[in-house]
Structures are given as C-alpha cells and as structure tokens.
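One-letter residues, chain by chain:
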Amino acid sequence: SNIPKLSKIPKKAAKPVAVKKAAPPKSSTFSTGTEIGVTPPLGLFDPLDFLSRGPDVYRRYQEIEIKHGRLAMAATLGVIVTEAGIRLPGYLSLDQDLKFADVPGDLGGAYSSVPLAGWVQIVAFIAALDIAVFRQDPEYAPGDVVQDLPIDWVRYADPEVKAFKLNVERNNGRAAMFGILGMIR
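Just so it is clear, the structure is predicted and the values come from calculations on it, not from any experiment.

What counts, and at which threshold
Residues numbered from 1 in each chain as written. Predicted model: local features only at pLDDT ≥ 70, side-chain atom pairs only at ≥ 80, totals over all residues. Heavy atoms only, no water. Phe/Tyr/Trp six-rings, centres within 6.5 Å; stacked < 30°, edge-to-face > 60°. Helix = DSSP H or I, 4+ residues; strand = E, 2+ residues; numbered from the N terminus. Buried < 20%, exposed > 50% of the residue type's maximum accessible area, 1.4 Å probe, protein only. Patch = residues over 30% accessible without salt bridge, like charges linked within 9 Å, V, L, I, M, F, W, Y side chains within 5 Å. Areas by Shrake-Rupley, 256 points an atom, 1.4 Å probe, with all protein chains shown as cover. Salt bridge = Lys/Arg side-chain N within 4 Å of Asp/Glu carboxyl O. pLDDT = per-residue confidence, 0-100. Contact = heavy atoms within 4.5 Å.

**Observations concerning the packing of aromatic side chains**
Per the counting criterion, the structure on display carries two aromatic pairs. Residues F50 and Y61 carry aromatic rings whose centres are separated by 4.4 Å and whose planes lie at 40° to one another, so their mutual orientation is tilted. One end of the pair, F50, is in the segment before α1 (55-83); the other, Y61, is in helix α1, and 11 residues separate them in sequence. Here F50 falls in the partly exposed class, since its relative accessible area comes to 27%. When the ring of Y111 is compared with that of W119, the centres are 6.3 Å apart and the planes differ by 45°; the resulting orientation is tilted.

**Comments concerning a nonpolar patch on the surface**
Among the surface-exposed residues, L71, Y111, L116, W119, V120, I122, F125 and I126 lie close enough to one another that they form a single nonpolar patch of about 850 Å² accessible area. When residues in the nonpolar patch are grouped by element, the largest group, six residues, is from helix α3 (residues 116-133). Under the relative-accessibility criterion, L116 is labelled exposed at 67%.

**Quick word on the pattern of salt bridges**
Two side chains bearing opposite charge may form a pair once their charged atoms approach each other closely. A complete count under the given rule lists seven salt bridges for this structure. With its nearest N and O atoms 2.5 Å apart, the salt bridge here joins R174 to E65. Within this pair, whereas R174 is found in helix α4 (residues 159-183), its partner E65 is found in helix α1, the two being separated by 109 residues in sequence. Owing to a relative accessible area of 26%, R174 belongs among the partly exposed residues under this scheme. Where D144 meets R155, a salt bridge forms, and the shortest distance between an N and an O atom there is 3.1 Å. Of this pair, D144 sits in the loop between α3 and α4 while R155 sits in the loop between α3 and α4; the two residues are 11 residues apart in sequence, bridging distant segments of the chain.

**Focus: the confidence of the model for the protein chain**
On average, the protein chain scores 81 in pLDDT, and the residues at 70 or more come to 82%. Averaged pLDDT values over the elements of the protein chain bottom out at 86 in helix α2 (residues 107-113) and peak at 94 in strand β2 (residues 98-99).

**Topic: the environment of V145**
Within the fold, V145 resides in the loop between α3 and α4. Through-space distance from the C-alpha of V145 to that of F134 is 5.1 Å; in sequence the pair is 11 residues apart. The contact partners of V145, leaving out residues within four places of it in the chain, are R70, V133, F134, R135 and Q136.

**Overview of the side chain of Q62**
In this structure, Q62 sits in helix α1. Beyond its immediate stretch of four places on either side in the chain, Q62 contacts E35, I36, P142 and R170.

**As for unusual backbone geometry**
The peptide bond linking P40 to P41 adopts the cis configuration, its omega dihedral lying at 5°. Structurally, P41 can be placed in the segment before α1. Positioned with a positive phi, D49 is a non-glycine residue whose angle comes to about 60°. By secondary structure assignment, the location of D49 is in the segment before α1. Within the chain, D97 stands out as a residue other than glycine whose phi angle is a positive 50°. Residue classification places D97 among the exposed positions, given a relative accessible area of 52%.

Shown next as structure tokens:
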C-alpha cells in the first residue's frame, strides 16, 4: 500500500494554526412526522423560524419549553387547589402574623400578600432544584432530568407509548402556560 506508516513519517515542529470554529449546520435531522411536540391541529408551528438557528439552539428551546410547561402545570394546579380552599396549616410568616389560610388563592392576592422573604425562598428553592437536582444532561433526551436520582421513575419501553406520553406532557404544558397567564389578574 502507498500509505506511509506513522513511524516512518518525519517529525516536524508543528506551527500553531488558528482554527475557526465552524458555524452549526443550518439543517438538522428534524422530521415533522417523528418529532415530539409536533401534533395536530397546528403540526409544525415555528413562526419565529427557530429551526433555522441550528439543532443545538433548537434543543435548548425544547428543554426550556418542557421546563416552563412543567412549572406552569404545577402553578396552575396550585392556583386551582388554593382556590378550592385547601391550604397548609400554620403560619407563613410569624413576624407578620400571616397564616397560610389568610393568603388569597389567586395569583394577584398571593403576589401582594406573601412577604418578599417568602418569594426569595421560593425562587431560591426552585433555582436549587433546577441547577443541582433536576439538571439537564445533554446526553439524555430533552426533559429527561432524573438520570441519577433514586426515584423509581416510569420509563416506557414501547416507543409509540413513550411518544404519546411525551406529546401529552408537551401539550398539557403548553395549555398550562396559557392557563397560568389567564389566571394572572
């Protein structure tokens, strides 16, 4: 063969070469027929042309959509539960003599009556969960954030069932994001 062996290639001093980082490819392996989140009646809905920004940016948007959807589902459920009259026992703030039962169930009332220290604690707790516990590993699918946690999480072996469940989660998250926006007074 005409390929020289590595041991017979003369060694030369390597000159440092400035390497330009290549731009991400414009097209990805995106398929509107198989992509999670592309569901009727809208199908592929991309009015801001996010897909043209490359697969890494699109994946990040998927992760953000799932995260915001999950948070919106929890917030919507929280408003529904508190409006139904279910409250934690005890005091929210001993200094202000404020009980959980005294906080209105709607978002406007909760926003104005919960002390600033309470909001700081809520935001810090959610941020700690996001950064340390439920972090997104790029090796896993978007939204799969419980890789090494001792949680007996449901995993679906059947790809059709898994795709259905993930689409249901994505659509419920989208509905909850609009729902919680509608609950803000």
